[in-house]
Structure formats: structure tokens, C-alpha cells
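Here are the chains, one letter per residue:
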Amino acid sequence: MHQMTLAEIARGLADKKFSSEELTKVLLARITRLDPQLNSFISLTEDLAIEQAKAADARRANGESGALLGAPIAHKDLFCTQGIRTSCGSKMLDNFKAPYDATVVAKLAAAGAVTLGKTNMDEFAMGSANESSWYGAVKNPWNLEHVPGGSSGGSAAAVAARLLPAATATDTGGSIRQPAAFTNLTGLKPTYGRVSRWGMIAYASSLDQGGPLARTAEDCAILLQGMAGFDPNDSTSIDEPVPDYSASLGESLQGLRIGVPKEYFSAGLDPRIAELIQNSIQQLQKLGAVIKEISLPNMQHAIPAYYVIAPAEASSNLSRFDGVRFGHRCENPENLIDLYKRSRGEGFGAEVQRRIMVGAYALSAGYYDAYYLKAQKIRRLVKNDFMAAFNEVDIILGPTTPNPAWKLGAKNSDPVAAYLEDVYTITANLAGLPGLSMPAGFVDGLPVGVQLLAPYFQEGRLLNVAHQYQLNTDWHTRTPTGF
Ligand code: GLN
């Protein structure tokens, strides 16, 4: 039962082959048995899950239908869940029970999805390895000595290990696509503004976007359908009709213009990944796509710009966790300043503190023009590169990551080494564009992802290309040994 995709589960439930309650119990037992190896969950919500599964079964018995009605999922632990711990992977919020549901959580619950639990993540979504979580590192089911990627490493590891079919995640600089690549999943970061950020604890508000992590493009379409849409509670949410994503999966790729940026194949890319990317290009050519070399000349400036803008926004967003209004409070403070200092010093981990300091520095009076403003100008140049490219091509293709998943601990002493691994993903966030990563093969037994980028609101196009590719390849069906 645990091998089923969301699409298969929807068919099985509709055909009354099993009930949501039966499936939910099987998966909860599987999580209890296998997750100690992975550490992919921070909280399990068994009682809520059984209650929601029973309710979904009752709705089906009353004649209701829907792809998510009775489908088991989990939420990255930065989506607020009413009455349930919402930790953001931090000691700061270890005892925080959200007083309301995030829009994404409420929408999926209304569609009948069943919440099995809250997944582990890098603290405040800062990281590329899921090693900065206060709840401990997450392991990659493909090799337990390797990282699953981050910051949505818990959602990725759990779905890859077949503990559940799909999960929500968020992507500020790659946190859906990079863990998808590292664990052999399909993950979609939607256009900025497509999915509501209300109730999604902020890291860098101008970059953060929620999206689906699943094994197939078909399942990402189902989950995105339940997440997307205008939300008056989020002023950056865009009032644009939501297409039927599953209906967009049948289109031919004949004549599809794929742009391959020449900058993507520079020295930093593992040559074995480069070869797998070339294979995926050939596969898409066989399906009728036309390949065109393009250029994204400002890509080289994207990492420095991102690592100024994201920490700057984080330093502002995280100021609310002061031990008074929100978050951990230290014992016996001597005065107010001591309370702030010790509460934040105890509540935040090293990576979060580093970013708050970098961000506060970049925003300070003497340095604002030199760093923050300069980074914003680069951001515009990165966006302009994409706009020029999309005049000539329909999608852009390349690797998701320069290397496969590294060993646990390998980059802990050098934060910049980890930042450099984001080179292919962060440009989409800077420009606000949708991006998808899908399985493209293996290097030393570790999965490799190919990334597709599209113009604004063309999530359907990305999902269709990935679906056509998956109809003709079987990388996405491979299962890690032991799971
Ligand atoms: N690795 C990037 C960072 O640490 C992206 C994280 C994310 O997308 N949440 O900022």
C-alpha cells in the first residue's frame, strides 16, 4: 500500500479498494517503524490523522469525490497548524502551538487531505542539508550517511522512503527542488504569489514560496491544485485564476523550445551530472523538443546577491522572536536587554545567528547602499536575463545541483561551501519564476535531478514536460533499498 502515488490512492479510494482510515493506519505504523532511521518527522499527528481519514471516508460515502479526499500528506513544520506544535526546526519555537492554520493547511484540509504529521527542516528554513534543525539532522534514505538536502529535508526523506506519498514544502532559494534532486523526487516551486504565504513562518518574504514534493509530476499537479490560489490574507498573493493542472498533463512536446544556458556547464558541475543532464536533453528531443543554447550572463552574481537579500529579510522577520512576543524565554533575566540577548542566544542555532548578523550588517546605515541596494540591482539583472531568454524559449533546462548529496557533516565547518551548492536554484527565487526538479539518474547510487524553469504562472507547462518525461523514463520509480 505504501508504494502508491497520490493518483493511485485517489483511484483506489474511488473504487473502494481500501478506505482512507485503513491506508492512514498502515502509513502511521510504517512511520513509527522506519522513521527512527531517518528523523524526518518532528511531530506525528496520529489522532488528527485518524479523525480526518474517518471524515474523508464519510464524505466519500456521501457521494463526494476529489483527488485529495482521504489522501495522506504531511506539512513542513513551518506551516502553522492550529493547536499543533509548529517549530520551524528551532528551539525558539519548540513550545509554539499555532493559534490558527496556514492558508495552505486549511485549503488542503478542506479538500480532504489527511495530515500525518509535521516534517523536520533546517532551522527557519536556512540550509541545504537539513543539518541545522534543532531536532537533529535528517538522513537520506538512499544512503543514511548522506544528507537529504534542505531545507525541506524531512518532507523529502519521508516521501522518498515511501512513508507517505507527498508533502508540502517551501522554497526560498531551492529548498523544494534541491532536496527533491537529492532524494529522487519531483518538486515544484511555484511562481511567487501563486501559493499563499499566510501562516507560513517567514524566512525571506520576497523569496519564500510553498509548493509540493512528491514522486511524480502527476502527484505534484494534484497537490499544487489544493495549495494554489489567491488569498486576501497575503498581500503578495496574486489574483490569477488557477488552471486545472492535471488537465494540462496530456500535451505533446512537439516543437517545445528548450533553452540550455551555456553558463550551467562550467567547472563547478560534476561531469557525471552533466552527462545525465545531456541524456535527459536527448530524451526530450526524442519527444519532439527543440534545443537551443541560451545565456544567463548575470548568473554568476546570483549567490552573493541572494546571500545578502535573504539574510537581510531574515534579520527583520526574526526580530519578532524576542522572548516577549514570541519564542523561547530565558530563565531569570536581569533586565530587558539581558532577556532579549539570552532568549535569542539560547533559542537560535549557529546558522540562524550568523544570518541575522549578516543581514543586520547589510541593512545598517553605512552599508545599505554598498550591499543591500547593490544586491537588489543584481536581482533585477538576473530577472532581465530570464525575460530575454523566455523571448526565445518555452522552458529552461539544466542541473538542479552541481553535486549529488554530500556526506553528513561534510560542509559543516564551511558555510560558504554549502551556499555555493545553491547556484542553480536561487536565480528562480530572485526572479520569482516557477521551477521544477525531477529525477534524471544516479551517481554512485545517489539520485540526480534535472531542473526546468518556465515563465510566470506556467506551472502547468513544467508539470506537463515532467509528466511526458516520466511516461518515457523510469528514474522516478526507483525505490531506496530498505524502504
Ligand atoms: N539553501 C538556501 C538557504 O539556505 C535555500 C533555503 C530555502 O530555500 N529555504 O538560504
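All chains use their own residue numbering, which begins from 1 and follows the written sequence. Local features in this predicted model are restricted to residues whose pLDDT is 70 or higher, and side-chain atom pairs enter the listing and the counts only when it is 80 or higher, whereas totals over whole chains, interfaces and linings include all residues. Only hydrogens and water are removed before side-chain values are computed, so all heavy atoms of the structure are retained for them.

A. Structural view of the sheet that holds strand β2 (residues 72-76). Pairing in this open sheet of 11 strands is mixed, and the strands run β1-β3-β2-β4-β6-β5-β10-β11-β9-β7-β8 from one edge to the other. Both edges of this open sheet fall to β1 (41-44) and β8 (290-294), since each of them pairs with a single strand only. Sheet twist, expressed as the mean angle between neighbouring strand axes with direction ignored, is 30°. Pairing between strands is defined by DSSP: at least two bridges between them are needed. Helix numbering and strand numbering both begin at the N terminus, where a helix is a DSSP run of H or I of at least 4 residues and a strand a DSSP run of E of at least 2. Here strand β7 (residues 257-261) pairs with β8 via five bridges, running parallel. If you follow V260 over to β8, its bridge partner there is E293. Comment: axis = line fitted to C-alpha atoms, over the contacting stretch for helices; angle = value between 0 and 180 degrees taken between N-to-C directions.

B. View of the site of the ligand. For each residue, the test is whether any non-hydrogen atom lies within 4 Å of the molecule or strand; if one does, the residue is near. Near the ligand lie 15 residues; those nearest to it are T172, G173, S175, Y203 and Y306. What qualifies as a polar contact is a pair of N or O atoms within 3.5 Å, subject to a donor-acceptor requirement within protein and to the restriction that residues adjacent in sequence count only when both atoms come from side chains. Within the backbone of A125, one N or O atom sits 2.8 Å away from a nitrogen atom of the ligand. Interatomic distance of 2.9 Å between a side-chain N/O atom of D422 and a nitrogen atom of the ligand. Only the protein chains shown count as cover for residues, and all accessible areas are computed by the Shrake-Rupley method using a 1.4 Å probe. Look at the ligand: alone it shows 300 Å² of surface, and the protein chains cover 99% of it.

C. The arrangement of the side chain of N464 in detail. By secondary structure assignment, the location of N464 is in helix α15 (residues 459-471). Contacts between residues were defined by any pair of non-hydrogen atoms, one from each residue, lying within 4.5 Å. Non-local contacts of N464, meaning those with residues more than four positions away in its chain, are made with S248, L249, G250, E251 and L253.

D. A nonpolar patch on the surface, seen in detail. Each patch groups residues whose relative accessible area exceeds 30% and which form no salt bridge, using 9 Å between like charges and 5 Å between nonpolar side chains of Val, Leu, Ile, Met, Phe, Trp and Tyr. Whenever Lys or Arg places a side-chain nitrogen within 4 Å of a carboxyl oxygen from Asp or Glu, that contact is recorded as a salt bridge. On the surface, V324, L336, I337 and Y340 cluster together to form a nonpolar patch covering roughly 350 Å² of accessible area. Locating V324 in the fold gives a position in the loop between α9 (302-317) and α10 (336-347).

E. Spotlight on the packing of aromatic side chains. A pair of Phe, Tyr and Trp rings is counted when the ring centres sit within 6.5 Å of each other, with Trp represented by its six-membered ring. The angle between the planes then sorts it: under 30 degrees is stacked, over 60 is edge-to-face, the rest tilted. According to the stated counting rule, one finds 18 aromatic pairs in the structure shown. Measuring from ring centre to ring centre gives 5.1 Å for F124 and F321, while their planes differ by 50°; the resulting arrangement is tilted. Here F124 is found in the loop between β3 (114-119) and α5 (153-160), whereas its partner F321 is found in the loop between α9 and α10, with 197 residues between them in sequence. On the basis of an interplanar angle of 35° and a centroid distance of 6.0 Å, the ring pair of Y367 and Y371 is categorised as tilted. Given the relative accessible area of 34%, Y367 is considered partly exposed. Think of it in three bands: residues with accessible area under 20% of the maximum for their type are buried, residues over 50% are exposed, and the middle band is partly exposed, with areas taken using a 1.4 Å probe on protein chains only.

F. The packing of helix α11 (residues 350-363) against helix α12 (residues 368-389), seen in detail. At a minimum axis separation of 7 Å, α11 and α12 run at an interaxial angle of 105°. With respect to their mutual orientation, α11 and α12 come out roughly perpendicular. Taken together, the residues of α12 that come into contact with α11 (itself represented by Y361, A362 and L363) are Y368, Y371 and Y372. Amino acids are sorted into nonpolar (Ala, Val, Leu, Ile, Met, Phe, Trp, Tyr, Cys and Pro), charged (Asp, Glu, Lys and Arg) and polar (every other residue, Gly among them). For the contact of α11 with α12, a count of residues per class yields six nonpolar, no polar and no charged. In this scheme, roughly parallel covers angles under 35 degrees and roughly antiparallel covers those over 145, while 65 to 115 is roughly perpendicular and the rest are oblique.

G. Summary view of the environment of R194. Positionally, R194 belongs in the loop between β5 (186-189) and β6 (210-214). With 58 residues separating them along the chain, R194 and S252 place their C-alpha atoms 25 Å apart. Beyond its immediate sequence surroundings of up to four residues, R194 is in contact with Q209, A228, G229, I238, E240, P241, V242, P243, Y245, F457 and E459.

H. Looking closely at the pairing of β3. Among the six residues of β3, six are classified as buried, and the element is accordingly described as predominantly covered. Two elements, β1 and β3, share three bridges in a ladder whose sense is antiparallel. Opposite F41, over in β3, you have T119 as the bridge partner. Across four bridges, β2 lies against β3 in parallel orientation. Residue pairing for β3: H75 is matched across the bridge by K118.

I. Layout of helix α8 (residues 271-286). The span you would expect from a helix comes to 1.5 Å times its residue count less one. The end-to-end C-alpha distance of α8 is 23 Å, a good match for the 22 Å that 16 residues give at a rise of 1.5 Å each. Taken together, the buried positions of α8 are occupied by I273, A274, L276, I277, S280, I281, Q283 and L284. On its buried face, α8 sits against β7, β8, β9 (395-399), β10 (435-443), β11 (446-453) and α15. With its phi angle positive at about 110°, G288 sits one or two positions after the end of α8.

J. Geometry of the pairing of strand β4 (residues 166-170). The buried fraction of β4 is high, at five of five residues. Residues A166, T168 and T170 of β4 are buried on one face, and the alternating residues A167 and A169, pointing to the opposite face, are buried as well. Of the strand pairs in this sheet, β2 and β4 are connected by two bridges, and their pairing is parallel. Residue I73 lies in a different strand from β4, and its bridge partner there is A166. Here β4 runs beside β6; their pairing, made up of five bridges, is antiparallel. Looking at the pairing, A169 lines up with G211 of β6.

K. View of α10. In a regular helix each residue adds 1.5 Å, so 12 residues correspond to 16 Å; α10 covers 16 Å between its end C-alpha atoms and thus fits that length. Residues of α10 that are buried include every one of D338, L339, S343 and G347, and no others. The buried residues of α10 all sit within an arc of 130° when viewed along its axis, so they share a single face. Seen from the buried face of α10, the exposed residues on the opposite side, beyond 90 degrees, are I337 and K341. Sitting at the head of α10, N335 places a side-chain oxygen 3.2 Å from the backbone nitrogen of I337. Here the arc refers to the directions that run from the helix axis out to each C-beta atom.

L. Structural detail: the side chain of K118. Position of K118 relative to the elements: it lies in strand β3. Residue K118 is classed as buried on the basis of its relative accessible area, which comes to 0%. A polar atom in the side chain of K118 sits 2.8 Å from the side chain of T81. Ignoring anything within four residues of it in the chain, the contact list for K118 reads F41, I42, S43, H75, K76, D77, F79, T81, I84, R85 and T86.

M. Quick look at the nonpolar core. Throughout this description, the term nonpolar core refers to a set of buried Ala, Val, Leu, Ile, Met, Phe, Trp, Tyr and Cys residues connected via side-chain atoms within 4.5 Å. Within the largest apolar cluster, 105 residues are counted, with the highest numbers of intra-cluster contacts made by F124, L284, F386, I396 and L463. Per-element tally for this core: the top contributor is α9, with nine residues. With residues up to four places along the chain from it excluded, the contact list for L463 reads L188, A217, C220, A221, L224, Y245, L249 and L436. Formed by 33 residues, the second largest nonpolar core is a distinct cluster that contains L38, A169, I176 and L185.

Shape is all these values report; function is a separate question.
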